[in-house]
Amino acid sequence: MIDKFKAKFVEESMDNVHDLEEALFLLEKDMNNKELIERIFRAMHSLKGGGAMFGFNHLSEFTHHLETIFDWVRGNKLAVSTDLISLTFSAIDHINHLLKTGDLTNDEEIADQKAFIQRVQAFLTLTDSPAQKAGMTSVEASGAEAAIATKTYLISFIPQPELLQNGTNPLYLMDDIHALGQAVSIAYTHKVPSLDLIDNTSNYCIWQILVNTAESVNEIKDVFIFVEDECELHVDQIAETNIIGKPEINVLIEKALQHNLLLTPDDFKSGDWNKVQTKEPEEKKKVVVKEHKISSIRVTSHKIDELVTLVSELVTIQAQLSLYAENHDDPVIGALTENIQKLSRQLRENAFDISLIPLQSELMRFQRLVRDLSKEQNKDIDFVIEGGDLELDKNIIENLTDPLLHILRNSIDHGIELPEERIAKGKSPKGTILFKAFHSGANVIVEISDDGKGMDTEYIRQKAISKGIIEADAVLNEKEILELLFVSGFSTRDTVSDVSGRGVGMDVVRRKIANIRGEVTIESQVGKGTLISIRLPLTLSIIDGLLVKVADNQYVIPISSIDKIYALDPAQIKQSFNNVVIIDKEQVPFIDLRKVFNEPQHQTDIVQMVMVKSEDKKSGVIVDNVVGEYQTVVKPLGRYLKKQEIISGASIMGDGTISMVIDTSRLLQSRKNIKVTG
Amino acid sequence: MLAEIKKQFYETTVKELEDINIKLSHEEVPVEDHPVLTEQIFTLTHQISGTGPMLGFDGASKLSRKLERTFYDIRAGQRNLTPQLIWQTKRAIEVLIQTFVEENSIQRQ
Amino acid sequence: MTSQDLTLLSFKIGEDIFAVDALQVNHILEVPSTITAVPNTPVFMLGIINLHGNIVPVVDMRILMGNEKTINGADTSIIVINPNAEQESRLGLLVDMVKEVIETNQSELTETVTDGKKGLIDTFEGTLCINEEFIHVIDIKNIMEVIEK
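A.B. asks: An account of the overall build of chain B is needed here, citing residue identities and associated values.
C.D. replies: Secondary structure assignment for chain B yields four helices and zero strands. Within chain B, contacts between residues at least 6 apart in sequence are counted, and of these 72% link residues at least 24 apart.

Written out as structure tokens, the structure reads:
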């Protein structure tokens, strides 16, 4: 149970960290923004409180110091500086680490954290006020306390369910205890009922806190003064010295959590820490975690994947059912099938909607990369984001991040010039990288453009010649030259920089994007900049397709790319020397799938031509005949058929046979290639 | 008429609570100010506890009664106004203000 | 005495006996009525089959091993291997006949002597000699490389 809450805490904290990072970025641009400072302070505060509550003690300790800093900033006792922002950025990395790993166990890491905290504290020594909170004499668990006699207390805080109803936030209470000295809190959540029984306004948690402090019992009890009526509270001295962190104590805590048995002062009586007495837990009332208005719920991505898979299976089975209904002339089954088809279509749409997540979630990493790299290389870059709220299939986003990071790195490393260089060229010293995402039909386009030096096509051409990729006398237009960047093994840099070489890995970028059925194109102008555009599908696993027959096989063409369907006489195709047919007095280029797939020529009286469009290209695709419209689950072909570019996957039909899914943009591209090379 | 009284009570009380909150926010509240502050908090919370329920501020009244009781003890010399207590009082007053604001907005709907 | 640390599944291609690591074998199937041919693939790539709702490509081991005759008989089977336990690495190997499971030791393997290169497969894990019969243990990694090439 506690693990479940911990996981939830970690998830929520990630959001907090995310928010923190975002606020920090904004603060960097507007250092006096009170609202942002408050936001950062709040985020730190929640991390600290939550950390203490869920046993992330190192996290809690660490964020406590940062919170103090931002408390000072908020009280105008400390000014925001670039140093402070940089420190906070690295602190965020550390917080992320702590959230992922929990309390540190490695001595080296613990020492690192100490050193880090000292760096944080260095900011505080600039001013002389020692108090961290309004007038509180609090003792921190740092070296200074050795001189003061501290004792260790066991606090048992057993709130009644009504605790939360008059605005009490247990987090604050935990916080205040932690402010008294070194403390470890233990949260018992075994009284928390299953989700459907949880009353948002009730508290179901019980806490025990071990605190080492110089304060008296009364002082400790004062913390709980205004919740006295709503809780059962025990404060017992358990040791004359600081015993927190001792292995024996940790074992005790572990055991208590395991058995959901509250610790009693007796447990700490002798030096023999291992002697844990099993004692009936006191009758406690139910409780917790104040949930806010539930307008959204969190679900693990794994559950969503499962849902999508199940829906996909359902769609497949439904197709089988439809087939059965067609072959059996039973009106009842026919009607039922139709209804099921409607429902599963809706269900499918819903499931996919759920699996979409906003691009926003990844943008922070990009911002961070731009910030860090440009600082490192002394470049001044304005990173502008448009359309960050656009939503995409989470599997697409997952696979998109790496290529995008790579493209951004390229822009920073080799696109944007140093400020002096830019001034010499008559540009603004500050470069701009524009990240833009928008919808275009059934696709999403992500563009990354920079106003840097652009790409020298002549240089690329020479390079390609020296690499033996093209012949010395090859005549290529600009677009074709830029395409060379995607050829495997091409690199415009002999020495690859530690970050990335321009062009290095663009083949990998294209491959990765292709894996998620996307396309990448480059446009560039020397001196002006570069634009990389990525076209992506909205979702990966299910498509609405047109089932067509070519020779012995069946293929699926995605409906989204289909324009019209015509019937043609095969003679018309045979007569055409340049693969163009005339329809409605217009010349229409076509691709004969039989030719593309190396199948024997058409023997039938009539063939059908499906008009397909992709990007700016449009072409007819000749098939034997169109079978019908199908909704299909696309399955990957696996690693061995990766080279099959025109076929992006396969789909299992209702009768168990397989049809292959055609990647229309690749198909159209292949025609262009034929033209160029032929 | 009642609405008018309520509005006035709400406004003056919240203002006074905020006033106290600011005093409590100071780095350290000078000991010589303690008696005055204690008196001010006691009087105000006593008022809220008395008048609040009548005007529909039930939650706020309940909370203020706790403060009232505590500060009654301090006034009577039976309890010390420790720094911790000042801190908790500040917390409680913040919650009190929030409760007031919430209850006021609910009533207006 | 050492424990048996190698389990192999042996099969026949023509008159030769080969084997693969049995731990990597997922299924043994009869040849289905249709194997959907994927256009523009090498001859050894027979096509794809539907294995419990997933797509699995099938290669003809007889062609990979350089055998001329590739006629399916009653014993022709497909051994589905699953290297690295990844769905996308699943592969069907069409063989003339599946023989048996052999428990042996890694130490029993001797270097495979190849009599010139006949097929596309050029490396083996080693050769085992049982009852005067030579069993060549196939290097799955090598097969994967050859097919992916």
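A.B. asks: So what's going on with the overall build of chain A? Residues and values would help.
C.D. replies: Looking only at helices and strands, chain A has 19 helices and 21 strands in total. Within the span of chain A, comprising 678 residues, buried residues form 50% of the whole. Total accessible area on chain A stands at roughly 32,100 Å², and carbon and sulfur atoms take up 51% of it.

A.B. asks: Can you break down the packing of aromatic side chains residue by residue, with the values?
C.D. replies: Per the counting criterion, the structure on display carries 15 aromatic pairs over all chains. By the ring-pair criterion, three or more aromatic residues cluster together here, those being F9(B), Y10(B), F57(B) and F100(B). Residue placement shows R119(A) over the ring face of F116(A); its charged tip is 4.9 Å from the ring centre.

A.B. asks: Break down the interface of chain C and chain A for me, citing the residues and quoting the values.
C.D. replies: With 25 residues of chain C at the contact, the number on the chain A side is 21 residues. Both faces considered, chain C and chain A share a buried interface measuring about 2,000 Å² in area, 58% of it formed by carbon and sulfur atoms. Close ionic contact of E148(C) with R639(A) constitutes a salt bridge, the shortest N to O distance being 3.2 Å. The interface formed by chain C and chain A includes six residue pairs in polar contact (both at pLDDT 80 or more).

A.B. asks: An account of the pattern of salt bridges is needed here, citing residue identities and associated values.
C.D. replies: All names here are of chain A. On inspection of all chains with the given rule, the structure shows 31 salt bridges over all chains. Residue E417 pairs with R422 through a salt bridge whose shortest N-O separation is 2.8 Å. According to the relative accessible area criterion, E417 is buried, its value standing at 1%. What you see here is one network of salt bridges that share partners, running through E21, E28, D93, R368, R371, D372 and K375.

A.B. asks: Just give me the short version of the packing of helix α4 (residues 82-101) of chain A against helix α5 (residues 107-124) of chain A, but keep the residues and values in it.
C.D. replies: Residue and element names in this part refer to chain A. Between α4 and α5, the shortest axis-to-axis distance is 11 Å and the interhelical angle comes to 150 degrees. The angle between α4 and α5 places the two elements in the roughly antiparallel class. For the pair α4 and α5, the sense of crossing is left-handed. For the pair α4 and α5, the contacting residues are D83, L84, L87, S90, A91, H94, H97 and L98 in the first and E109, Q113, F116, R119, V120 and F123 in the second.

A.B. asks: Go over the sheet that holds strand β2 (residues 16-21) of chain C with me, naming the residues and quoting the values.
C.D. replies: All names here are of chain C. Reading across the sheet, the five strands line up as β8-β1-β2-β10-β9 and stay open at both edges, with mixed pairing between neighbours. In the strand order of this sheet, the two ends are held by β8 (97-104) and β9 (124-130), each with one partner. The sheet shows a mean angle of 30 degrees between the axes of neighbouring strands, direction not considered. Strand direction decides the pairing type here: strand β1 (residues 6-13) and β8, joined by six bridges, are antiparallel. Looking at the pairing, F11 lines up with V98 of β8.

A.B. asks: Tell me about the sheet that holds strand β14 (residues 562-568) of chain A, and name the residues and values.
C.D. replies: Residues and elements named next belong to chain A. Read across the sheet, five strands follow the order β14-β17-β18-β16-β15 without closing on themselves; strand pairing throughout is mixed. Either end of the sheet is taken by a strand with one partner, and the two such strands are β14 and β15 (580-583). Between one strand axis and the next, the sheet turns through 35 degrees on average, direction left out of account. As paired elements, strand β17 (residues 607-614) and strand β18 (residues 617-623) share seven bridges and run antiparallel to each other. Bridged to M609 within β18 is I622.

A.B. asks: So what about helix α10 (residues 331-354) of chain A? Which residues, and what values?
C.D. replies: Turn by turn, an α-helix covers 3.6 residues, leaving residues three or four places apart pointing in a common direction. Between its first and last C-alpha atoms α10(A) spans 35 Å; for 24 residues at 1.5 Å apiece the expected length is 34 Å, and the two agree. Restricting attention to buried positions, one finds in α10(A) the residues T337(A), S344(A), R348(A), A351(A) and F352(A).

A.B. asks: Which residues make up the nonpolar core, and what values go with them?
C.D. replies: L27(A), I69(A), I95(A), F157(A) and I177(A) are the most contacted members of the largest nonpolar core, which totals 63 residues. In terms of residues, this core owes the most to one element, α4(A), which gives nine residues. When residues are assigned to domains, this core turns out to be shared by domain 1 (2-124) and domain 2 (143-268) of chain A, each giving three or more. The contact partners of I69(A), leaving out residues within four places of it in the chain, are L78(A), L84(A), V120(A), F123(A) and L124(A). Ranked by size, the runner-up nonpolar core spans 54 residues in total, among them Y555(A), I557(A), Y640(A) and I121(C).

A.B. asks: Give a detailed account of helix α2 (residues 140-148) of chain C, specifying residues and quantitative values.
C.D. replies: Looking only at α2(C), the buried set comprises I140(C), N142(C), I143(C), M144(C), V146(C) and I147(C). For α2(C), the side-chain oxygen to backbone nitrogen distance between the N-cap and K141(C) is 3.1 Å, and the N-cap itself is D139(C).

A.B. asks: Account for the confidence of the model for chain A, with residues named and values stated.
C.D. replies: Residue and element names in this part refer to chain A. Across chain A, the average pLDDT comes to 79, with 86% of residues at or above 70. The spread of mean pLDDT over the elements of chain A runs between helix α19 (residues 664-677), the lowest at 61, and helix α13 (residues 419-424), the highest at 92. Overall, residues 272-293 carries pLDDT values under 50, and its contacts beyond four positions in sequence, including any with other chains, amount to 58 contacts. Across residues 492-503 the pLDDT falls below 50, and counting only partners more than four positions away or on other chains, this stretch makes 34 contacts in the model.

A.B. asks: Describe in detail the environment of F123(A), supporting the description with residues and values.
C.D. replies: Residue and element names in this part refer to chain A. Structurally, F123 can be placed in helix α5. On the basis of relative accessibility, which here comes to 15%, the residue F123 falls in the buried class. Note: C-alpha distance between F123 and A79 (44 residues apart in sequence) is 10.0 Å. Beyond its immediate chain neighbours, meaning those up to four positions away, F123 contacts I69, L78, S81, D83, L84 and L87.

A.B. asks: Describe unusual backbone geometry, with residues and values.
C.D. replies: Even without glycine at this site, N598(A) takes up a positive phi of about 55 degrees. Its place among the elements puts N598(A) in the loop between α18 (593-596) and β17. Not every positive phi belongs to a glycine, and E132(C) is a case in point at roughly 70 degrees. With respect to the secondary-structure elements, E132(C) resides in the loop between β9 and β10 (133-138). On the accessibility criterion, E132(C) (76% relative accessible area) is exposed.

A.B. asks: Account for the confidence of the model for chain B, with residues named and values stated.
C.D. replies: Per-residue pLDDT for chain B has a mean of 82; in total, 94% of the residues score no lower than 70. Across chain B, the secondary-structure element scoring lowest on mean pLDDT is helix α4 (residues 83-108) of chain B, at 82, and the one scoring highest is helix α3 (residues 58-75) of chain B, at 86.

A.B. asks: Could you give me a rundown of the environment of T521(A), with the residues and numbers involved?
C.D. replies: All names here are of chain A. Relative to the assigned elements, T521 resides in strand β10 (residues 519-525). Assessed through its relative accessible area of 24%, T521 is described here as partly exposed. In this structure, the C-alpha to C-alpha distance between T521 and E483, residues 38 residues apart in sequence, is 7.8 Å.

A.B. asks: Give a detailed account of the side chain of Q88(B), specifying residues and quantitative values.
C.D. replies: Here Q88(B) lies in helix α4. At a separation of 3.5 Å, a polar atom in the side chain of Q88(B) contacts the main-chain carbonyl oxygen of V223(A). Leave out the neighbours within four places in its chain, and Q88(B) touches L173(A), D176(A), D222(A), V223(A), I225(A) and F226(A).

A.B. asks: Could you give an account of the pairing of strand β4 (residues 45-51) of chain C, naming the residues involved and the relevant values?
C.D. replies: Among the seven residues of β4(C), five are classified as buried, and the element is accordingly described as predominantly covered. Between β4(C) and strand β5 (residues 54-60) of chain C, which follow one another and run antiparallel, lie two residues, and H52(C) among them has a positive phi close to 45 degrees.

A.B. asks: Can you break down the side chain of D450(A) residue by residue, with the values?
C.D. replies: Residue and element names in this part refer to chain A. Inspection of the secondary structure assignment puts D450 in strand β9 (residues 443-450). Relative accessible area serves as the criterion here: at 7%, D450 is assigned to the buried category. Among the polar contacts made by the side chain of D450, one reaches the main-chain amide nitrogen of G452 at a distance of 2.9 Å.

Conventions and cut-offs
- Residues numbered from 1 in each chain as written.
- Chains lettered and ligands numbered in written order.
- Predicted model: local features only at pLDDT ≥ 70, side-chain atom pairs only at ≥ 80, totals over all residues.
- Heavy atoms only, no water.
- Helix = DSSP H or I, 4+ residues; strand = E, 2+ residues; numbered from the N terminus.
- Contact = heavy atoms within 4.5 Å.
- Buried < 20%, exposed > 50% of the residue type's maximum accessible area, 1.4 Å probe, protein only.
- Areas by Shrake-Rupley, 256 points an atom, 1.4 Å probe, with all protein chains shown as cover.
- Phe/Tyr/Trp six-rings, centres within 6.5 Å; stacked < 30°, edge-to-face > 60°.
- Lys NZ or Arg CZ within 6 Å of the ring centre and 35° of its normal.
- Buried area = accessible area lost by both parts, 1.4 Å probe.
- Salt bridge = Lys/Arg side-chain N within 4 Å of Asp/Glu carboxyl O.
- Polar contact = N/O pair within 3.5 Å; in protein donor to acceptor, adjacent residues only side chain to side chain.
- Axes fitted to C-alpha atoms, helices over the stretch in contact; angles between N-to-C directions.
- Parallel < 35°, antiparallel > 145°, perpendicular 65-115°, else oblique.
- Left-handed = near helix turned anticlockwise from the far one by under 90°.
- Pairing = 2+ DSSP bridges.
- Expected span 1.5 Å × (residues − 1).
- Core = buried A, V, L, I, M, F, W, Y, C linked by side-chain atoms within 4.5 Å.
- Domains from an automatic or database assignment.
- pLDDT = per-residue confidence, 0-100.

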